[in-house]
Structure formats: C-alpha cells, structure tokens
Number of protein chains: 2
Amino acid sequence: MKLTFSPSSPFARKVRIAAIELGLIDKIEFVPTTATPGTYNEDYSQKINPLRKLPALILDDGSTIVDSYVIVEYLDELAGGGKLIPASGAKKWQVKTDHCITQGMLDAMLLCRYEKMLRPEQFRWQTWIDDQWDRAWHGFQRFEAHPDVLTRPLDIVQIGIICALGYADFRFADCGWRKAFPKLAAFNEKMMQRDSVKISVPPI
Amino acid sequence: MKLTFSPSSPFARKVRIAAIELGLIDKIEFVPTTATPGTYNEDYSQKINPLRKLPALILDDGSTIVDSYVIVEYLDELAGGGKLIPASGAKKWQVKTDHCITQGMLDAMLLCRYEKMLRPEQFRWQTWIDDQWDRAWHGFQRFEAHPDVLTRPLDIVQIGIICALGYADFRFADCGWRKAFPKLAAFNEKMMQRDSVKISVPPI
C-alpha cells in the first residue's frame, strides 16, 4: 500500500500514528506529496482525489481510499477490527461522533491557517478567523470536560485529539491551550511517551 | 430522536433522504436550527456540537450523533444494516471513499458560497473561490466518468451526489453542470422521481 503523505499534515499524521499502533506501518510506503489551496495538480485530482487532499491510501490493486478516517477504519479492519474504533454498541457511535469533532476541529484550524498565512493580507477577514477558531476551541473544551475520553485505552478519538493539539503547537504556538486546558496538557504529555506520537510531531 | 435541521443545508438533506428511504422518517422530529459562520450559539456549541454545524441527531437518552455521515450510518444500522452502505467487502471501502468525496464537494461549495455571499466584498479572494470550485467540479467529473455508480441500487454515494447537484442548483444556478455532465443530468432526472429527493429540494 502507498500513502500520499506530508509531515506537516495533521490528517496524514493521524493515519501514521494509527498504522504504527496497529502494527501495519511496514506495509505502507509513504509517498511525499504537497497539497496547497491555489496550487493545482491535475494528475492527483483525476487519479487520486478530486478534492486534492492528503492523505490517500492507494491499494495494491490501484484503488484508492480517502479520507484519513476511512483509511484508519480500513487499517483497523486489516488488523482484526475493533482496535481503534469499537466494533459495536453505543460506544461505537460516541467514538465516531467524537472523532468527527476532532476532524472538524482540524478543518477549522486549517481554515484559520489558510486565512492567516496563505491569503493575501488585504483579503483577510477577522470575523472568519474568530469563528473558525471558536469551533476548534469549543472542541478542546468538550474534551477537557470529558476526561474519561482521555484515560481509556488508545482509540481514534485520542489520536484525533493529539493531532489537533500537535497542530495547535505547530501553527498557533501562542494560543495558550495548555493553560486553558490542563487535562489536555497532561494527556498530551502522557501520549508523547508513545513512539508513534513522538516521532510524528510535525517538523518545526 | 430529534434532528437539528435547516431546509437549505445539503448535509441535513442527506439525512432526510436517507431517513425516508430507510422508513425511519416518522421516528425523527425535525428541529429548525440555523448555523451561519460569524453567528455564535453558545448553547449549541456546548450541548450539541462544538463545530456549530448541522445536522446533529439527538437520541432519546440525550446523547448526540454527528456528522451527517455518521447519522446515516446509525440510521442504516437501525434499519437492519447494509441498506445504504455495504456492510463488508471491497464495495464498502469504495462507497465510503466515494461518499467522502461527495462530502468534500459540498464542503468546497459551501466555502465558495461563504466567500461569495457572507464575506464582505472587499475581503473576497478569487483564487480561493476558483480553487474550491475546482475541487467540487473534479468531483462531478469523477462520477460522470464512472456511471456505474449512478445506475446501481440506491446508496449513500448517490444520495451524496444528489445533494451536491441540488446544492449547485440552489446556490450556483448558472454553473452549467447539466451541460458539462450529461450523465449526471440524466441521473438527477431519474432520482427526482423519488419522493425523498423531490420533497427535499432546497427552497428557492
């Protein structure tokens, strides 16, 4: 299998952490890829993902799986199932919901990043940045208020939270999340003891 | 169950169509809700979804399921499973992937909409609009090139495509998708014969 990958993509990081934790990392070849709004890549649009997003998993038969969540689901099944995503019951829906929220937090933070760094300065709109940031921030608040999510055995929600926190450190180093969310800070410290999490921290 | 809902939301429409097709519509109370970037709703952020997005399904025990895809998965399971999303095999991953692409097409079209209508005119950036639109357009191209997706029994991918086409008609009436994609146009005609699709067309 091949994975289109960038070390700065929090979505690609999620798959990398999951693949390591599931014992599947050696089966995946990482293919360095860049994806930036405003930069077109017709080949990628047509053959891999019309949305031009990372990561995509390309199977040996040539078929492609997106997005990062579906790839983790696929790898989880390959590893026997029910490892990072509960296979059934009310827990399954809670994990899927919470993961969706971490995904949306990352989407919101990426929109902030694009607005602040990619968009020419004269076209930036503070109302948009504030709104998107508020979504991510409320997401962190949610998990700070439900520390049971942070202490149970490793799952896709915890990986999603780690990727969101890592992205906050990477792109919004001054946002002060550690001070605002002490339980998330302790969770982050603990998770950093895992090789999968430590070696995948985005490059400075 | 309650569903936070707006008739103009393509994501809420997806759940509505699925609920009708699965025979579950009578079990869901629709709760009119608005969600616009720049308008805060602390209650919704804290109790329903920190991302402030529609739709959310609120179960009778008070727990909440997001996003639209996870809600459809939940309803599908409630209806017996494997109805709109294949339960296993290579087909399952292809359907999940293709559905993800319809989801991303809608995300991209919503970003275009916000840029063109919500953002003050002096802050609009054409490069962004062009980029996001290109993603949605390439998505339509993908399905036009794989008409097998359009002719098989109803599934979540077809519902996703219908919601994307309906949103194009609703917000980008002059984009010319029918001329560019004749197979999608025929598919849309055919799907409009279903009550679920017809009655959920966004209001003009």
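Everything quoted here is computed from the prediction, not taken from an experiment. (Residues numbered from 1 in each chain as written. Chains lettered and ligands numbered in written order. Predicted model: local features only at pLDDT ≥ 70, side-chain atom pairs only at ≥ 80, totals over all residues.)

Colleague: Talk me through the nonpolar core; I want residue IDs and the actual numbers.
Modeller: Within the largest apolar cluster, 110 residues are counted, with the highest numbers of intra-cluster contacts made by Met109 of chain A together with Met109 of chain B. Considering every element that reaches this core, the biggest residue donor is helix 4 (residues 89-118) of chain A, with 12 residues. Not counting residues within four places of it along the chain, the set of residues in contact with Met109 of chain B comprises Ala136, Tyr167, Ala168 and Arg171 of chain B. (Core = buried A, V, L, I, M, F, W, Y, C linked by C-beta atoms within 7 Å. Buried ≥ 20, exposed ≤ 12 C-beta atoms within 10 Å, placed from the backbone. Helix = DSSP H or I, 4+ residues; strand = E, 2+ residues; numbered from the N terminus. Contact = placed C-beta atoms within 7 Å.)

Colleague: Could you give me a rundown of the confidence of the model for chain A, with the residues and numbers involved?
Modeller: Here chain A shows a mean pLDDT of 97. Residues at 70 or above account for 100%. Both confidence scores are given for the complex: pTM 0.98, ipTM 0.97. (pLDDT = per-residue confidence, 0-100.)

Colleague: Report on the packing of helix 7 (residues 156-171) of chain B against helix 9 (residues 182-191) of chain B, specifying residues and quantitative values.
Modeller: Residues and elements named next belong to chain B. Taken N-terminus to C-terminus, the directions of helix 7 and helix 9 make an angle of 100 degrees; their axes are 11 Å apart at the nearest point. With respect to helix 9, the axis of helix 7 lies roughly perpendicular. In this structure, helix 7 contributes Gln158, Ile162 and Leu165 to the contact, and helix 9 contributes Leu184, Asn188 and Met191. (Axes fitted to C-alpha atoms, helices over the stretch in contact; angles between N-to-C directions. Parallel < 35°, antiparallel > 145°, perpendicular 65-115°, else oblique.)

Colleague: An account of helix 7 (residues 156-171) of chain A is requested, with residue identities and associated values reported.
Modeller: Counting along an α-helix, one turn takes 3.6 residues, and residues three or four places apart therefore face a common direction. For helix 7 of chain A, built from 16 residues, the straight-helix expectation of 22 Å at 1.5 Å per residue is met to within 8% by its first-to-last C-alpha distance of 22 Å. Along helix 7 of chain A, 13 of the 16 residues are buried, which leaves the element largely enclosed by surrounding structure. (Expected span 1.5 Å × (residues − 1).)

Colleague: Account for the interface of chain A and chain B, with residues named and values stated.
Modeller: Across the boundary between the two partners, chain A contributes 37 residues, which contact 37 residues of chain B. Mapped onto the side of chain A that touches chain B, the elements with two or more residues apiece are strand 4 (64-65), helix 3 (68-78), helix 4 and helix 5 (126-144) of chain A. Examining the composition of the side of chain A that touches chain B, we find that nine residues originate from one element, helix 5 of chain A, more than from any other. Split by residue class, the side of chain A that touches chain B holds 16 nonpolar, 11 polar and 10 charged. (Nonpolar A, V, L, I, M, F, W, Y, C, P; charged D, E, K, R; others polar.)

Colleague: Can you break down the sheet that holds strand 2 (residues 29-32) of chain B residue by residue, with the values?
Modeller: Residue and element names in this part refer to chain B. Reading across from one edge, 2-1-3-4 is the order of the four strands in this open sheet, with mixed pairing throughout. The two strands at the open ends of the sheet, each matched to only one other strand, are strand 2 and strand 4 (64-65). Inspection of the sheet shows strand 1 (residues 2-5) paired to strand 3 (residues 57-58) by two bridges, in the antiparallel sense. The residue of strand 3 that forms the bridge with Leu3 is Leu57. (Pairing = 2+ DSSP bridges.)

Colleague: Account for the pairing of strand 1 (residues 2-5) of chain A, with residues named and values stated.
Modeller: Residue and element names in this part refer to chain A. Of the strand pairs in this sheet, strand 1 and strand 2 (residues 29-32) are connected by four bridges, and their pairing is parallel. Its bridge partner lying in strand 2, Lys2 is registered against Glu29. Note on the crossover from strand 1 through helix 1 (residues 10-21) to strand 2: the handedness is right-handed. (Right-handed = clockwise from strand over helix to strand, strands pointing away.)

Colleague: I'd love a proper account of the relation of the copies chain A and chain B, names of residues and values included.
Modeller: There are two copies of the chain, and a rotation about an axis plus a shift along that axis relates them. After a rotation of 180 degrees and a shift along the axis of 0.0 Å, chain A superposes on chain B with an RMSD of 0.0 Å. On this basis, the relationship between the two copies can be described by a two-fold rotation axis. Minimal C-alpha distance to the rotation axis in chain A is attained by Phe123 of chain A, lying at 2.0 Å. (Least-squares fit on C-alpha atoms with pLDDT ≥ 70 in both.)

Colleague: Mind laying out the domain arrangement of chain A, listing which residues take part and the relevant values?
Modeller: Residue and element names in this part refer to chain A. You can read the domains of chain A as domain 1 (2-78) and domain 2 (89-197). In this structure, domain 1 and domain 2 have C-alpha centres spaced 20 Å apart. Contact residues are listed per partner, giving 11 residues for domain 1 and 16 residues for domain 2. Every element with two or more residues in the side of domain 1 that touches domain 2 is listed here: helix 1 and helix 3. (Domains from an automatic or database assignment.)

Colleague: Quick rundown of the environment of Lys92 of chain B? Include the residues and the values.
Modeller: Residue and element names in this part refer to chain B. For Lys92, the location among the structural elements is in helix 4 (residues 89-118). Residue classification places Lys92 among the partly exposed positions, given that 17 C-beta atoms sit within 10 Å. The spatial distance from the C-alpha of Lys92 to the C-alpha of Gly82 is 9.3 Å, given a sequence separation of 10 residues. Among residues more than four places away in sequence, those in contact with Lys92 are Ile85, Pro86 and Ala87.

Colleague: Which residues make up the sheet that holds strand 1 of chain A, and what values go with them?
Modeller: All names here are of chain A. Read across the sheet, four strands follow the order 2-1-3-4 without closing on themselves; strand pairing throughout is mixed. Two strands lie at the open edges of the sheet, namely strand 2 and strand 4, each paired on one side alone. As paired elements, strand 3 (residues 57-58) and strand 4 share two bridges and run antiparallel to each other. Looking across to strand 4, one finds that Ile58 is bridged to Thr64.

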